[in-house]
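# Structural characterization, general
So the chains spell out like this:
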Amino acid sequence: MAGGGCCPSMDLFRSEPMHLVQLIIPIESAHRTISYLGNVGLIQFKDLNADKSPFQRTYANQIKRCGEMARKLRFFKEQMTKAGLSPSANPTSRPDIDLDDLEIKLGELEAELVEINANSEKLQRTYNELMEYKLVLQKAGEFFYSAQSSATAQQRDLEARQAGEGSIDSPLLEPEMFMDQSKQVKLGFISGLVPKEKSIAFERILFRATRGNLYLKQSVIEEPVLDPASGEKVEKNVFVVFYSGEKARSKILKICEAFGANRYPFSEDMSKQRQTIEEVSGKLEELKTTIDVGLMHKDNLLNSIGYQFEQWNLLVRKEKSVYHTLNMLSIDVTKKCLVAEGWSPVFASNQIQDALHLAAVDSNSQVGTIFQVLLTRESPPTYFRTNKFTSSFQEIVDAYGVAKYQEANPGVYTIITFPFLFAVMFGDWGHGICLLLGTLYFIIREKKLSTQKLGDILEMTFGGRYVLLMMALFSIYTGFIYNEFFSVPFNIFGPSAYECRDPTCSDASVAGLIKVRDAYPFGVDSQWHGSRTELPFLNSLKMKMSILIGVAQMNLGIILSYFNAQFFGNHLNTWFQFLPQLIFLNALFGYLSLLIVWKWVSGSKADLYHIMIYMFLSPTDDLGENQLFVGQKTLQLVLLLLALISVPWMLLPKPFLMKKQYEERHRGQAYTMLHGADSESYDMEPEHGSHGHEEFVFSEVFVHQLIHTIEFVLGAVSNTASYLRLWALSLAHSELSSVFYDKVLVLAWSFNNVIILIVGIIVFVCATVGVLLVMETLSAFLHALRLHWVEFQNKFYEGDGYKFHPYSFASLGDDED
């Protein structure tokens with residue numbers, strides 16, 4: 001193994017050493033073997049049947065059976081959800097469940113549940129129809145009763161007028177009294193219910209279809225009713241349509257069907273109406289009792305299913321995953337063994353062999369599984385052993401790209417550098433405490449919250465709770481350095497070194513300050529806040545600090561590229577990539593960092609902008625008042641010369657030396673293959689594994705090196721400038737906090753009004769939480785993420801590997817297909 005890393009304690013610094021293993025498993029113990037390996041969860045199987053469709057594989061029928069059982073379990077879960085039930089959190093323990101027995105039991109339960117549902121739906125439909133019928137009887141009865149009362153009153157009025165009137169102007173006979181009874185038209189009627197939203201259109205269509213030869217009466221039902229067809233609550237109107245003739249009746253019936261209007265029979269006789277209402281009410285009571293008994297039986301059945309649901313579900317998902325894995329194995333020519341290949345960590349060999357031995361014993365197999373390590377040129381997957389603290393930091397790196405096998409892992413350094421860069425932008429120990437309290441809530445209740453389903457945003461926040469913890473702690477630290485607590489300074493570490501020049505201290509910002517004692521022991525002196533020189537001082541401090549931090553982190557990235565080159569034995573990268581890059585960066589920006597520190601120490605007033613600009617434009621001119629130390633001009637000439645030399649140093653030698661190595665390797669290839677040790681190390685070396693069989697094209701290699709050189713030279717400038725975002729965001733956070741404090745809280749306090757003060761406090765809290773603790777946290781997080789992904793990781797991190805996904809029952813999800 002290249003790099004020699006046989007020790008499993010490498011943890012996060014480099015990925016675990018992996019090897020490709022082959023398992024020859026007797027068919028009689030194959031199922032139990034894969035199950036035991038699923039419990040171990042430390043081997044990633046390769047698909048040896050990639051050329052076969054899912055239906056051509058050996059265990060396609062078993063997967064189909066498991067899929068059918070999973071469908072039944074999903075059906076049970078849907079029914080439990082509709083009934084407001086949930087599977088038991090602590091299922092009864094039954095360690096040995098036979099899959100065949102479970103399949104039969106699930107089939108019986110499904111058939112019983114389907115029958116219960118069908119009967120329940122039929123009874124519920126009948127119940128809903130009877131409820132609608134009862135409403136029609138009540139509302140239509142009111143129509144007829146009111147019409148009959150009105151007709152009786154009119155008849156009495158007419159008779160009274162005929163008896164009392166005898167003038168010559170009155171007609172001798174009323175026409176209605178002598179109308180021919182044979183010429184009277186008998187009207188028919190249809191009653192039912194129509195959805196309220198369709199009632200207006202229903203009335204218009206009826207009127208047009210019959211050309212107005214009808215009489216429609218509607219009554220609104222106060223509460224929605226359950227529709228017999230859909231089972232949903234719908235607002236409806238009771239209607240009665242009076243018509244004349246069979247042709248009109250057929251048209252009305254068709255319109256009722258088109259509008260989904262349910263029709264019900266109705267009698268004009270009042271006594272029959274009362275009798276029908278009594279019969280319908282009796283049937284409704286009987287149906288209600290029957291439906292309640294059926295629902296009780298269904299709930300009992302679902303409760304009994306819920307006690308075993310999780311156990312059944314887990315068993316089916318495990319069995320399905322086992323058969324999926326078995327389908328990835330190839331059958332030996334003897335048809336008695338299955339051959340498996342997969343990646344596993346070197347440290348897991350003993351655990352895997354123990355599981356194989358236990359599976360052979362438990363399955364009473366006469367032959368055990370053969371375990372052997374294969375030599376291969378394939379690049380292994382990347383596997384880092386993480387815990388709940390380090391996993392979230394590793395995910396930040398993996399979101400950019402999974403590390404190449406055993407290259408230096410940025411995740412280790414991200415644990416410190418990421419929250420620190422965030423805190424530089426977010427430095428306020430009051431805000432840091434608020435962030436810490438919110439994070440501690442997630443950490444203290446992590447056992448309970450990990451079992452609950454949270455929203456997407458809360459799920460992400462909970463997953464990164466330890467990242468937030470480190471961010472909060474570092475924010476408190478940098479807040480003490482900036483001496484800001486919601487933008488208010490405090491003398492926590494001792495008295496200020498300055499006092500007012502004016503004895504009355506009436507206007508310190510105008511009169512100025514004088515130093516009366518030693519410097520403030522830790523962080524920024526509180527007297528800088530509110531003074532005339534606060535903004536220029538903090539601007540200069542934070543801007544130069546950002547450059548120092550950026551150059552330090554970029555140097556760390558270049559140093560890590562050296563360790564990568566040494567680990568993989570790539571001396572070309574050491575001499576023609578690491579060294580010139582280190583020289584170029586530090587000849588320019590390392591020198592700038594030195595000038596910043598020297599200026600701070602010496603108290604000089606030299607203009608660093610002038611020094612750096614004229615170092616390139618006029619390197620031989622005298623520095624004058626900008627000279628910080630003796631020999632500065634000579635040092636600048638040497639550094640400029642080294643920076644210029646490092647560019648062709650990066651560009652030219654490496655492609656020619658790679659071409660020479662390729663020609664030498666292929667000239668002696670036939671002899672090299674005889675040396676087993678050398679060929680083994682060559683096979684297992686990740687650095688050269690990808691180039692061993694590729695044709696060397698000098699032009700492509702040269703262009704690639706040219707692009708890499710230009711990218712680094714330009715990136716050294718742009719990346720350094722990119723770290724100035726630390727200064728910009730830190731200043732923005734401080735100024736926003738100061739504005740909210742001065743213009744909201746202090747202003748509200750100055751009014752001497754309780755209501756205004758309460759409103760001011762509410763606005764201040766909402767602005768602090770919404771803008772500073774949410775938006776500013778997200779902004780600083782994203783900028784810190786960019787600095788790691790682009791400015792830091794591009795110096796050494798390739799990130800073109802693929803993640804180790806072992807076959808494990810612990811990673812089975814509820815949505816496994």
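First, a word on what this report is: a plain description of the structure on this page.

## What about the sheet that holds strand β7 (residues 236–243)?
Sheet architecture is open: 4 strands sit in the order β4-β7-β3-β8, paired in antiparallel fashion. Both outer strands of the open sheet, β4 (215–220) and β8 (262–264), are each paired with one neighbouring strand and no more. Taken pair by pair, the neighbouring strands of this sheet meet at an average axis angle of 25°, ignoring direction. Alignment of strand β3 (residues 188–195) against β7, held across 8 bridges, turns out to be antiparallel. Residue pairing across strands places Gly188 opposite Tyr243, the latter belonging to β7. Sheet strands in contact with helix α4 (residues 199–209) are β3, β4 and β7, and its direction is about 175° off that of β4. Contacting β3, β7 and β8, helix α5 (residues 246–258) runs over the sheet at an angle of about 165° to β7.

## A short note on a nonpolar patch on the surface
Taken together, Tyr609, Ile613, Tyr614, Phe616 and Leu617 make up a surface patch of nonpolar side chains, about 560 Å² in accessible area. By the element assignment, Tyr614 lies in helix α17 (residues 608–617).

## Description of the nonpolar core
Counting residues in each nonpolar core, the largest one holds 70 residues, and the members touching the most others are Tyr591, Leu595 and Leu726. Setting aside anything within four residues of it in sequence, one finds Leu595 in contact with Leu608, Ile611, Met612, Leu628, Phe629 and Gln632. Counting 54 residues, the second largest nonpolar core, distinct from the first, contains Ile25, Leu301, Leu302 and Leu356.

## A closer look at the packing of helix α18 (residues 632–651) against helix α23 (residues 698–722)
Relative placement of two packed helices is described by the angle separating their axes and the distance separating the axes. Viewed as axis vectors pointing N to C, α18 and α23 meet at an angle of 150°, and their least axial separation amounts to 8 Å. Classified by the interaxial angle, the pair formed by α18 and α23 is roughly antiparallel. Every residue of α23 that contacts α18 at Val647, Met650 and Leu651 is listed here: Phe702, Gln705, Leu706, Thr709, Phe712 and Val713. The residue makeup of the contact of α18 with α23, split by class, is 7 nonpolar, 2 polar and no charged.

## Quick word on the environment of Leu651
Note that Leu651 resides in helix α18. The spacing of Leu651 and Phe576 is 75 residues in sequence and 8.1 Å in space, taken between C-alpha atoms. In contact with Leu651, not counting residues within four places along its chain, are Phe702, Gln705, Leu706 and Thr709.

## Brief notes about the side chain of Ser722
Within the secondary structure, Ser722 sits in helix α23. Among the polar contacts made by the side chain of Ser722, one reaches the side chain of Arg725 at a distance of 2.8 Å. Ignoring sequence-local partners within four residues, the contact set of Ser722 consists of Arg786, Leu787 and Glu791.

## Some thoughts on the packing of helix α9 (residues 411–426) against helix α24 (residues 725–750)
Closest axis-to-axis distance for the α9/α24 pair is 6 Å, and the angle between their directions is 45°. As the angle between them shows, α9 and α24 are arranged oblique. Facing α9, whose interface residues are Leu421, Val424, Met425 and Phe426, α24 presents Arg725, Leu726, Leu729, Ser730 and His733. Partitioning the contact of α9 with α24 into residue classes produces 6 nonpolar, 2 polar and 1 charged.

## Concerning the packing of aromatic side chains
In this structure the tally under the stated criterion is 40 aromatic pairs. Aromatic pair Phe422 and Phe426: ring centres 5.1 Å apart, planes at 25°, arrangement stacked. With Phe422 and Phe426 both in helix α9 and 4 residues apart, this pair spans about one turn of that helix. Here Phe422 and Phe426 have matching classes, each one buried. An aromatic cluster of at least three residues, connected via ring pairs, comprises Trp429, Tyr477, Phe480, Phe485, Phe486, Phe490, Phe493, Phe522 and Phe764. Above the plane of the ring of Phe567 lies Arg14, whose end atom (NZ or CZ) is 4.2 Å from the centre. Above the plane of the ring of Phe568 lies Lys404, whose end atom (NZ or CZ) is 4.8 Å from the centre.

## Regarding helix α2 (residues 60–82)
Its 23 residues give α2 an end-to-end C-alpha distance of 33 Å, which sits within 8% of 33 Å, the value for a rise of 1.5 Å per residue. Among the residues trailing α2, Gly84 stands out with phi positive, at a value near 75°.

## Observations concerning the pattern of salt bridges
Between side chains of opposite charge, pairing is possible as soon as their charged atoms come close. Counted under the stated rule, the structure contains 19 salt bridges. Here Asp100 makes a salt bridge to Arg65, at a shortest N to O gap of 2.7 Å. Here the residue Asp100 occupies a position in helix α3 (residues 99–164), and Arg65 occupies one in helix α2, the gap between them amounting to 35 residues. Exposure remark for Asp100: the relative accessible area of 42% places this residue in the partly exposed category. Glu499 serves as the salt-bridge partner of Arg517, at 3.3 Å between the closest nitrogen and oxygen. Of this pair, Arg517 sits in the loop between β13 (513–515) and α15 (534–567) while Glu499 sits in strand β12 (residues 498–500), and the two are 18 residues apart along the sequence.

## Digging into the pairing of β7
Among the 8 residues of β7, 8 are classified as buried, and the element is accordingly described as predominantly covered. By the alternation rule, side chains of β7 split into Lys236, Val238, Val240 and Phe242 and Asn237, Phe239, Val241 and Tyr243, which are all buried. Bridge count for β4 against β7 is 6 bridges, and the pairing is antiparallel. Paired with Ser219 across the bridge in β7 is Val238.

Reading the values: rules and limits
- Residues numbered from 1 in each chain as written.
- Predicted model: local features only at pLDDT ≥ 70, side-chain atom pairs only at ≥ 80, totals over all residues.
- Heavy atoms only, no water.
- Pairing = 2+ DSSP bridges.
- Helix = DSSP H or I, 4+ residues; strand = E, 2+ residues; numbered from the N terminus.
- Axes fitted to C-alpha atoms, helices over the stretch in contact; angles between N-to-C directions.
- Contact = heavy atoms within 4.5 Å.
- Patch = residues over 30% accessible without salt bridge, like charges linked within 9 Å, V, L, I, M, F, W, Y side chains within 5 Å.
- Areas by Shrake-Rupley, 256 points an atom, 1.4 Å probe, with all protein chains shown as cover.
- Salt bridge = Lys/Arg side-chain N within 4 Å of Asp/Glu carboxyl O.
- Core = buried A, V, L, I, M, F, W, Y, C linked by side-chain atoms within 4.5 Å.
- Buried < 20%, exposed > 50% of the residue type's maximum accessible area, 1.4 Å probe, protein only.
- Parallel < 35°, antiparallel > 145°, perpendicular 65-115°, else oblique.
- Nonpolar A, V, L, I, M, F, W, Y, C, P; charged D, E, K, R; others polar.
- Polar contact = N/O pair within 3.5 Å; in protein donor to acceptor, adjacent residues only side chain to side chain.
- Phe/Tyr/Trp six-rings, centres within 6.5 Å; stacked < 30°, edge-to-face > 60°.
- Lys NZ or Arg CZ within 6 Å of the ring centre and 35° of its normal.
- Expected span 1.5 Å × (residues − 1).

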